[in-house]
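Notes for the structure review
Okay, here's what each chain looks like letter by letter:
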Amino acid sequence: MTDILVHTEAGVMTLTFNRVERKNSITGAMYDALSDALESAAGDTDVRTVLIQGDPTIFSAGNDIGDFMKAAAAPAAPSEADSPAIRFLRTIAAFPKPVVASVCGPAVGIGTTLLFHCDLVYAGDNAAFSMPFVNLGLVPEAASSLLAPQMFGYHRAAEALLLGEPFMAEAALEVGLVNRVVPPTECNGIAQTQARKLAAKPLSALMETKRLMKLSQQAVVQERIGVESVSFGNAMRSPAAKEAFTAFMEKRKPDFSKV
Ligand code: COA
């Protein structure tokens, strides 16, 4: 069974995280599957909108921590060309057609930051968003160091990115990260309905409107993704990150007293 399900119907390509037993944490192969699907959707006239969804209990626990540990143990920091996560982020940030997301349960790390690159976001009332990069000895990615302060205001972004504490669906609604909060069992269906509404509209007008809304930001966002990826690659190999990853695997609290 593949960890990313791809299904196209009524002009909507639906991408479903399907690794629930690992809380939909995202491996390199999953990032590549997402990037491949988005690249094919961009050029496929039968796809007019993309929907990204998880399960009613979990959106995504973020990057697979086992993969982080492997990258941290490598002799040199990975180059951007070797990073399926950065390929995915660059692809979704530049994706020309509308993207809708349906988020229920935890949305950790990239599970939250990928939402900055979606156009419409629907959340179950059980959604818990978090960007706990600092708690893992890491730094923001997906241009979230730029986009979170812009969207939330600096102080609320600092709370989310420096404290790294989860915030619930209603708070996400208040800061503008989500459009509507709905019952978790209805969320994927509501998001699908909205995606189909978009798919029924003239695609050229949709794409041009999205391009215009993002025009002043596109180059800046891509530049920030590159700058963050260098910091992230270095941070991943730091003693703090190694301690955080090991503690997660050993199901204990990290001890940062010596790092
Ligand atoms: N990478 C790899 N495995 C992960 C994972 C991740 N990001 N998140 C969860 N898992 C695994 C757990 O190790 C556990 O494996 P096990 O059954 O072998 O013990 C399994 O998925 C279930 O996770 P668990 O933590 O028991 O579920 P939970 O419902 O108690 O908590 C989360 C769910 C998402 C809150 C919690 O799993 C979590 O915080 N995950 C890590 C998130 C993270 O730090 N991601 C990186 C962000 S940059």
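Since this is a predicted model, take the numbers as computed values, not measurements. (Residues numbered from 1 in each chain as written. Predicted model: local features only at pLDDT ≥ 70, side-chain atom pairs only at ≥ 80, totals over all residues. Heavy atoms only, no water.)

A few words now on the sheet that holds strand S2 (residues 12-17). Strands sit in the order S1-S2-S3-S4-S6-S9 across an open sheet of six strands; the sheet is mixed. Here the strands that pair on one side only, and so sit at the sheet edges, are strand S1 (4-9) and strand S9 (180-182). When the angles between neighbouring strand axes are averaged without regard to direction, this sheet yields 20°. Of the strand pairs in this sheet, S1 and S2 are connected by six bridges, and their pairing is antiparallel. For Glu9, the partnering residue across the bridge sits in S2 and is Val12. (Pairing = 2+ DSSP bridges. Helix = DSSP H or I, 4+ residues; strand = E, 2+ residues; numbered from the N terminus. Axes fitted to C-alpha atoms, helices over the stretch in contact; angles between N-to-C directions.)

With that settled, consider the packing of aromatic side chains. All chains considered together, the criterion is met by eight aromatic pairs. When the ring of Tyr31 is compared with that of Phe88, the centres are 6.0 Å apart and the planes differ by 35°; the resulting orientation is tilted. One end of the pair, Tyr31, is in helix H1 (residues 28-43); the other, Phe88, is in helix H3 (residues 84-93), and 57 residues separate them in sequence. Seen in terms of ring centroids, Phe116 and Phe152 are 5.9 Å apart; in terms of plane orientation they differ by 40°. Their pairing is tilted. Note that Phe116 is positioned in the loop between helix H4 (110-113) and strand S6 (120-124) and Phe152 in helix H5 (residues 144-152), a separation of 36 residues in sequence. One exposure class covers both Phe116 and Phe152, and it is buried. Here the aromatic residues Phe68, Phe133, Phe232 and Phe245 are joined through ring pairs into a cluster of three or more. (Phe/Tyr/Trp six-rings, centres within 6.5 Å; stacked < 30°, edge-to-face > 60°. Buried < 20%, exposed > 50% of the residue type's maximum accessible area, 1.4 Å probe, protein only.)

A sheet is described by the order of its strands in space; here three strands give the open sequence S5-S7-S8, paired in mixed fashion. Strands at the two margins of the open sheet, each flanked by one partner only, are strand S5 (106-108) and strand S8 (167-168). The sheet contact formed by S5 and strand S7 (residues 128-130) spans three bridges and is parallel. Counted as the bridge partner of Val108 is Ser130 from S7.

Neighbouring the ligand are 14 residues; Arg22, Ala61, Asn63, Ile65 and Lys251 lie closest to it. Between the ligand and the protein, one listed contact pairs an oxygen atom with a side-chain N or O atom of Lys23 at 3.3 Å. Side-chain polar atom of Lys251 to an oxygen atom of the ligand: 2.6 Å apart, as the coordinates give it. The protein chains hide 65% of the 870 Å² of surface that the ligand would expose on its own. Of the residues assigned to the shell around the ligand, the class counts are seven nonpolar, two polar and five charged. (Near = heavy atom within 4 Å. Polar contact = N/O pair within 3.5 Å; in protein donor to acceptor, adjacent residues only side chain to side chain. Areas by Shrake-Rupley, 256 points an atom, 1.4 Å probe, with all protein chains shown as cover. Nonpolar A, V, L, I, M, F, W, Y, C, P; charged D, E, K, R; others polar.)

This next bit is on the pattern of salt bridges. Counted according to the given criterion, the structure contains 12 salt bridges. Close ionic contact of Asp67 with Lys70 constitutes a salt bridge, the shortest N to O distance being 3.6 Å. Within this pair, Asp67 and its partner Lys70 are both found in helix H2 (residues 65-73), separated by three residues, close to a single helical turn. Put simply, Glu208 and Arg211 hold a salt bridge, and the shortest N to O gap is 2.9 Å. Here Arg211 and Glu208 lie together in helix H9 (residues 203-214), a separation of three residues that amounts to about one turn. Owing to a relative accessible area of 35%, Glu208 belongs among the partly exposed residues under this scheme. For Arg211, a relative accessible area of 45% translates into the label partly exposed. (Salt bridge = Lys/Arg side-chain N within 4 Å of Asp/Glu carboxyl O.)

What follows is about unusual backbone geometry. In this model, Ala10 sits at a positive phi of 50°, which is unusual for a non-glycine residue. Looking at the secondary structure, you find Ala10 in the loop between S1 and S2. Located in the positive-phi region is Ala142, a residue other than glycine, with phi close to 65°. Position of Ala142 relative to the elements: it lies in the loop between S7 and H5.

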